[in-house]
Amino acid sequence: ENLNNKIPFAFSRFNDGEMGGIMYDNFLASRGDQLVNKTLKDSLYKAIIHKQKNYYIGIPCNIYYPDMHNLALRLVGKEYEYLTRATIIINRNWKNFIENIGDILSHHSVLWIGGDDQNINNLPFKCIDQIKIPKKNSWDYYPQLKEYYKKIPKNYLILISLGPTSRILMQEWFKHRPDLTILDIGSCFDPFTKNIYYSYQKGWKETGFNLTKKCIVCN
């Protein structure tokens, strides 16, 4: 609804990788591509407790990750208006999201920020520009991206796929630029940009279903 009506918002997913980074020292997130050092850990904490109109935070499933869920809920606050689930655009929601997002994004000016292994030419929508960052330990490149929001035209839509670094950028950028829409999309478009299918994406074209284990909460 926000996308269709061009209402600026940010959506940040604090799933098991990000919560692991907050809870443990030297945690490996993003399927091993990101070592969460102390500066990243502290920045993730700052991002999850941030409060702002239209700043949505998705948290882990309370069945699969009860400890992470409970901590995230305490940090965000269960009364926070923009509290949601980390899986709302992936897992069993992924097929619906993918089938509808192309038409929606065709009406937006889209900037893609992601790893250098991502090819955006096969996406089901067009991007105006792309910023490529090495996918391994992308947090090392945070200083170069920190104030990039100053260069982004008004009302742009930014899609970020940079592991935990995405969460820091979107919190800080949206704080300074609430006219932007910023979505943390993670691996959502990996079948298009990398030709890599994860379990929740396999079988989509052949059967119309995915192979993610059903959960009454997050799937």
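The model shown is predicted, which means the values in this text are computed figures rather than measured ones.

A. Inspection of the nonpolar core at higher detail. Grouped together as the largest cluster of nonpolar side chains are 40 residues, with contacts concentrated most on I48, I158 and I182. If near-sequence neighbours (up to four positions away) are discounted, I182 is found in contact with F9, A10, F11, I158, I160, M170, W173 and F174. One finds F9, I98, C127 and Y200 within the second-largest nonpolar core, a separate group that totals 26 residues.

B. Summary view of the pattern of salt bridges. Counted according to the given criterion, the structure contains eleven salt bridges. With a shortest N-O distance of 3.6 Å, D25 and K41 are connected by a salt bridge. You can see D25 sitting in the loop between α1 (16-23) and β2 (27-29) and its partner K41 sitting in helix α2 (residues 38-49), a full 16 residues away along the chain. A residue is classified by how much of its surface remains accessible, and K41, at 16% relative accessible area, is buried. A salt bridge links D190 to K194; the nearest nitrogen and oxygen atoms lie 3.7 Å apart. Of the residues examined, D190 reaches a relative accessible area of 3% and is grouped as buried. Judged by its relative accessible area of 25%, K194 is partly exposed. Salt bridges sharing partners connect three or more residues here, namely R13, E18, R167 and D184.

Rules of the game
Residues numbered from 1 in each chain as written. Predicted model: local features only at pLDDT ≥ 70, side-chain atom pairs only at ≥ 80, totals over all residues. Heavy atoms only, no water. Core = buried A, V, L, I, M, F, W, Y, C linked by side-chain atoms within 4.5 Å. Buried < 20%, exposed > 50% of the residue type's maximum accessible area, 1.4 Å probe, protein only. Contact = heavy atoms within 4.5 Å. Salt bridge = Lys/Arg side-chain N within 4 Å of Asp/Glu carboxyl O. Helix = DSSP H or I, 4+ residues; strand = E, 2+ residues; numbered from the N terminus.

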